[in-house]
Every structure is written in C-alpha cells, then in structure tokens.
Amino acid sequence: MSTHWAEPGCYPVADGIHRIPLQLPQDGLRAVNVYALETDTGLVLIDGGWHRPGTYRELTAGLARIGRSPDDIHDVLVTHIHRDHYTFAVELRRRHGCRVHLGAGESAGLAEIRALGNNVPTSSLRELRRAGATDIAARAYADSIGEPFDVADWAAPDRWLQPGTLTLGGYELEVRATPGHTKGHVVFQDRARRLLFTGDHLLPTITPSIGFELGIWELPLDNYLSSLALLRDDDDQTMLPAHGPDGGNAGRRARDLLDHHDRRFGQIRTAVTELAPCTGLEVARALTWTRRERPFDTLDTFNQMVAACETMAHLDVLVARNDLTGETDSGIDFFAPAL
C-alpha cells in the first residue's frame, strides 16, 4: 500500500539519507520534509521545520526508526527564512547545541522579522494595498496579529552561507544561491549522488509563492525565473523538495515552471488588455488559481493574499519589460498595455 508523502515516519531516499515529514499546523502544504544525512560524526539536517508543539516528538520518533536521536545532530542547513524551515532549527540548537546555517541573502529579512516582533506580513499588506485589495489586507492583518510570536525563534544563525562547497563531517555539498521565493533562498547539491535538496525553489506539484517575505520587493519573480534558468539543464539531478514526494528530474521541473510562468504572463496580458486600466486585484480575479483552477473569490484570505501578491509580481515584471504600463493614483497601481 502506498503512503502519502506527508505521513509521519522516516523514509530512505538514498544510502545514508532519510526524509522525515514534520506536520504543519494550519497549512495546505500539510508537512515540511526534513532530510537527515548520516555523516562521519553524526547527522546533518537539511531544513529544520516549524517550532510548534509536537515537532520535537515527531522528529525524535522519525530518527528513532534509524537508531538515531536529536543528540546526533551537529548541523542544520536551512534553505530559507520561512518559519516552517527555520524556527525549529533554532530550537534544536537551544536543546542540543547544533550549529545553524542560513543563506547570507536572508540576513536583512531576519533583521526585519526581529524588529517587527510579530507575524504580520507587512510587505504583503503593502502589495495588497498597491493592488487595490484593501479589504483583503484588513482581513489578513486581523488574522495574523494574534498569532503567537517568540523572537527567540528568530535568533541569528551560526553561519551565513555563501555559494560554494560545504563539508561537514566528511559530507560534501555545494551551496547554490536561488533567490526568488525569498531573497536568500539556497539549494544544496550532492554531486556525488546526483541529488538536489531544493527547499521551496522546486516543488513537484505546485508553484512556490513569490515575494512572501518582509522588505522591499526587488522584482522577486524576475529573480526566481533567473534562478530557475540556472537549473533548467540539471537533468541528472534528482529532486529532494521541502514539500511533496521526493524524486523527479530537477531540470525537467525547472523547465516546467518556466513554461508555467510564460503561460501566466500571457494570461495576465490578455486580462489587462480586456480590463485596462485595471488594478492588480481585478487581474487576479480574472485568473484561476491552484491546480484545481479555482476562482479567486473561492480562496480563503491567506491564499487570496498570496494570489494577489503573485499577480503584482507578474505585473511588475511585465512593466519592467515594457509590455505594460503602470501608473499610481492614491496609492493604487493601475495597469494598461504599452503603446
């Protein structure tokens, strides 16, 4: 009998490498994959998970299946700053003294989270207002302001990672910068085994959200497309993603995602031509969302926020390419085809 990828446990993916799904509390993604790599001196984890009640128990139970415990973890390599990847890495360091590593491009985002002191997605709220989605912004703020927040979960890593070779306990990985999903997202490549730990950069069945982080946007979708292009020829690399089943051709998935965004650009150009001058919210409502092609108004508040922000990310790239024009009136951007 097949097992759903998010089912708790510990699953071998290669010799000495194990996938441990850790459950997510209120997330359609269901779980985050943490990978345990056996080294000469213990274990390296790739991604840490979300610090929440039950996470430590789940990880301990998973490691017990291979005769290991959290005491064996000496390093945690985190692909990006989102809380379902970073915050439990910090908790493991508090409990067991392991070292935490994070891409250097995440330093500004981490500082902003600590300064803000809550879970309010202020940058996404700014984009919603740009899109004319003030009602969604108000609901998203109300949903997030009461969420638990502990600044200790956002302590700095022991090491800021730069692209290059990383050797830990005799295990060698290449750090590759893949900005887009976040500014400092990295993937980890095991060239000897032809494995690519892709974090949220490449996911097997969904497209990762773009620009869902604090700070000023710097054309995150444009950065993401450039990062996808870096991997489009990696057909000899097997994907080990943070969400979804492991396996699959990394290069093929990168090409599929590039094709998806090309189609999305075409859909958005068509919508703007029909609606112009129009807001980002009006464009988002003209599109369908998720693999199930759902209308925008059937999405919950969080996913409406993500959809509207992703629409703005696409519109900004089309303006930068001179395919569209954008003008601001009373804090709202209006888009039209370029002459």
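Here is what the cut-offs are and how they apply
- Residues numbered from 1 in each chain as written.
- Predicted model: local features only at pLDDT ≥ 70, side-chain atom pairs only at ≥ 80, totals over all residues.
- Heavy atoms only, no water.
- Helix = DSSP H or I, 4+ residues; strand = E, 2+ residues; numbered from the N terminus.
- Buried < 20%, exposed > 50% of the residue type's maximum accessible area, 1.4 Å probe, protein only.
- Contact = heavy atoms within 4.5 Å.
- Polar contact = N/O pair within 3.5 Å; in protein donor to acceptor, adjacent residues only side chain to side chain.
- Core = buried A, V, L, I, M, F, W, Y, C linked by side-chain atoms within 4.5 Å.
- Salt bridge = Lys/Arg side-chain N within 4 Å of Asp/Glu carboxyl O.
- Pairing = 2+ DSSP bridges.
- Axes fitted to C-alpha atoms, helices over the stretch in contact; angles between N-to-C directions.

Trainee: Could you give an account of the environment of E38, naming the residues involved and the relevant values?
Mentor: By the secondary structure assignment, E38 is in strand β3 (residues 31-39). Judged by its relative accessible area of 31%, E38 falls in the partly exposed class. Separated by 29 residues in the primary sequence, E38 and G67 have C-alpha atoms spaced 11 Å apart. Once residues within four sequence positions are removed from consideration, E38 is found in contact with G16, H18, L43, R68 and Y171. Polar contacts involving the side chain of E38 include one to the side chain of H18, which spans 2.8 Å.

Trainee: Can you explain the nonpolar core? Please cite residues and give values.
Mentor: Judged by nonpolar contacts, the single largest core of 46 residues is most densely connected at L128 and L202. Take this core: its biggest share by element is 9 residues, from helix α9 (residues 301-320). Contacts of L128, omitting those with residues within four sequence positions, involve A133, T134, I136, A137, M305, A308 and C309. Residues V32, V90, C98 and V100 belong to the second largest nonpolar core, which totals 29 residues.

Trainee: I'd love a proper account of the pattern of salt bridges, names of residues and values included.
Mentor: In total, this model carries 20 salt bridges according to the counting rule given. Ionic pairing is found between E38 and R68, a salt bridge with its closest N-O pair at 3.2 Å. Remark: R68 occurs in the loop between α1 (55-64) and β5 (73-78) and E38 occurs in strand β3; sequence separation between them is 30 residues. Taking relative accessible area as the criterion, R68 reaches 22% and is therefore assigned partly exposed. When the shortest N-O distance is used, the salt bridge between R191 and E174 registers 2.6 Å.

Trainee: Provide a residue-level description of the sheet that holds strand β8 (residues 164-168), including the pertinent values.
Mentor: Strand order in the open sheet formed by 5 strands is β8-β9-β10-β11-β12, and the pairing between neighbours is mixed. Looking along the sheet, the strands with just one partner apiece sit at the ends: β8 and β12 (238-241). Strand-to-strand twist in this sheet, taken as the mean axis angle between neighbours without regard to direction, amounts to 30°. Note: β8 against strand β9 (residues 171-177), 5 bridges, orientation antiparallel. What sits directly across from G164, in β9, is V175.

Trainee: Tell me about the pairing of strand β15 (residues 324-329), residues and numbers included.
Mentor: In this structure, β15 lies alongside strand β16 (residues 332-337), joined through 6 bridges in antiparallel fashion. Paired with D329 across the strands is I332, a residue of β16. Joining the antiparallel neighbours β15 and β16 is a turn of 2 residues, in which S330 adopts a positive phi near 55°.

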